[in-house]
Protein chains: 2
Amino acid sequence: MRYELYYWPQIQGRGEYVRLALEEAGADYIDVARKPRGEDKMLHLMQSRAVKTPSFAPPFLKAGKLLIGQTPNILLYLGKHCGLAPKTEAGRLWVHQLQLTIADFVVEIHDTHHPIGSGLYYEEQKPEAERRADDFRAHRAPKFLGYFERVIKASGGPYLTGRRVTYADLSLFQIVAGLNYSFPRMMKRQARKYPHIRSLHDRVAARPRIAAYLKSERRIPFNEMGIFRFYDELDG
Amino acid sequence: MRYELYYWPQIQGRGEYVRLALEEAGADYIDVARKPRGEDKMLHLMQSRAVKTPSFAPPFLKAGKLLIGQTPNILLYLGKHCGLAPKTEAGRLWVHQLQLTIADFVVEIHDTHHPIGSGLYYEEQKPEAERRADDFRAHRAPKFLGYFERVIKASGGPYLTGRRVTYADLSLFQIVAGLNYSFPRMMKRQARKYPHIRSLHDRVAARPRIAAYLKSERRIPFNEMGIFRFYDELDG
């Protein structure tokens, strides 16, 4: 089956968690909105009254007749069908729980530069962003990173659930890569507290299919339109 | 099986979505943290190194040997085991997608009174909260409510997926009840735009087990510690 991924073509954003899973699985897929007229197709699937299960926002995935929205939901599906999650119900629920916690972290990372409104420019909410980013660096980032560090350690590592990689590991790699880009000083200061997370990041980056993807043109570079933005004043 | 729900005892919060599902299913459950020493038990399950799948935050559910965290993940499990979701994979993914969109809405509702930091008091972020609430009332609430209105209408109603109630309907009921409490003027002004949502709310509230629950002491009243808070200045 050829999967069709629908996501904004200019950014990694939430689509990147899906791209990483498709790439690691060696799946056949098209990143539709990056093709000619692809963005129109995407908007049509969101707005057409003929679509029975429209998404509130991208990303969404077409898998045969299924149209699946919400990043963790797409990964729940791909985890099962592409071998990126355990086969037991307990194992699948645990990996999904980790992914949902990563999704919560993503919202908080995004809101460091958009604490007032996602429809406003960063420049319209700079003082608020600086306050929120202070709180993020001091409290929220250490709380999330400390949690994932503890989970890897408890599993025996090197991944979140032990010896086998899951989609949640690919997402945690993306979080670390993104924080290294957007909060380089914070990450440099805090890095020694998270040896297991750093090692997971390096190990995922070195997996053959991920390494090939990261070097390819399919990987959109980080930029100041996405979730992970480097604004010097927000890094303390 | 007797389920054990773990959540903060003073508020509806995110635990309420789980409580509503357990009540509608007629499930046997204990709201552990509302019992003597229950909060200690909850914190132990979050902090103990002996727990293999610790949650980042409440709520979490003990179901036999399983310990399941993250509200949408708990509902995914209960939907399957308590008959509150379709049996097909396509149906289950769609209901879960709707629940994840409700969860996104919950974050944005919460952040109207806490745009800067969840560890700070409301009084420490009042000007920012007023700006964020303005944006919420003008843009975000209509966008989310408009989406769910459209979904109910497209399904043929009266519920999100048609004639059978799912856990996502119970959660959407809670959203409407909460917004009626926290943004009464906004809801009064906008209500005529969402006839299907209003009717879903009323229909869920009238379901025998839900009606009995809402009248019972098990239903914690809305208050200014939870997600849905009434602050006059945030309602425009």
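Residues numbered from 1 in each chain as written. Chains lettered and ligands numbered in written order. Predicted model: local features only at pLDDT ≥ 70, side-chain atom pairs only at ≥ 80, totals over all residues. Heavy atoms only, no water.

### As for the sheet that holds strand E1 (residues 3–6) of chain A
All names here are of chain A. The line we're drawing: Only strands joined by at least two bridges in the DSSP assignment are considered to pair. For helices the rule is a DSSP run of H or I covering at least 4 residues; for strands it is a run of E covering at least 2, with both sets numbered from the N terminus onward. Axis lines are fitted through C-alpha atoms, for helices just across the contact stretch, and the angle between N-to-C directions can take any value from 0 to 180 degrees.
Across the sheet, which stays open at both edges, the four strands sit in the order E2-E1-E3-E4 with mixed pairing between neighbours. Of all the strands in the sheet, just strand E2 (29–31) and strand E4 (66–69) have a single pairing partner and so form its edges. Neighbour to neighbour, the strand axes of the sheet diverge by 20° on average, direction disregarded. When E1 meets E2, the two strands line up parallel, connected through three bridges. In the sheet register, Glu 4 faces E2, and the bridge partner there is Ile 30.

### Structural notes on the pairing of strand E3 (residues 60–63) of chain B
Residues and elements named next belong to chain B. In this structure, strand E1 (residues 3–6) lies alongside E3, joined through three bridges in antiparallel fashion. Bridge pairing in E3 links Tyr 6 to Phe 60. Relative to strand E4 (residues 66–69), E3 is paired through four bridges, and the arrangement is antiparallel. Bridging across to E4, Leu 61 finds its partner in Ile 68. The antiparallel pairing of E3 with E4 creates a hairpin that spans two residues between the two strands, and Gly 64 there sits at a positive phi of about 65°.

### Some remarks on the interface of chain A and chain B
Note the following rule: We call two residues in contact when some of their heavy atoms are within 4.5 Å. Here's the idea: put two parts together, see how much 1.4 Å probe accessible area each one loses, and the total over both is what we call buried area. Each salt bridge in this description consists of a side-chain nitrogen of Lys or Arg and a carboxyl oxygen of Asp or Glu lying within 4 Å of one another. The term polar contact refers here to a pair of N or O atoms within 3.5 Å; inside protein, the definition further demands a hydrogen-donor-capable atom paired with an acceptor-capable atom, and it admits residues adjacent in sequence only when both atoms are side-chain atoms. Residues are sorted three ways: Asp, Glu, Lys and Arg are charged, Ala, Val, Leu, Ile, Met, Phe, Trp, Tyr, Cys and Pro are nonpolar, and all the rest, Gly among them, are polar.
Contact residues are listed per partner, giving 48 residues for chain A and 48 residues for chain B. Buried surface at the junction of chain A and chain B, both sides included, amounts to about 4,200 Å², of which 54% is carbon and sulfur. The largest contributions to the chain A side of the interface with chain B come from Phe 56, Arg 131 and Arg 150 of chain A, which together make up 19% of the buried area. At the junction of chain A and chain B, the tally comes to six salt bridges. Between Arg 132 of chain B and Asp 111 of chain A there is a salt bridge whose closest N-O contact spans 3.7 Å. Between the two partners, chain A and chain B, sit 26 residue pairs in polar contact (both at pLDDT 80 or more). The set of elements that each furnish at least two residues to the side of chain A that touches chain B consists of helix H2 (38–47), E4, helix H3 (71–81), helix H4 (89–113) and helix H5 (126–155) of chain A. Per-element tally for the side of chain A that touches chain B: the top contributor is H4 of chain A, with 11 residues. Across the side of chain A that touches chain B, the residue classes break down as 19 nonpolar, 15 polar and 14 charged.

Bear in mind that shape data such as this cannot, by itself, settle questions of function.
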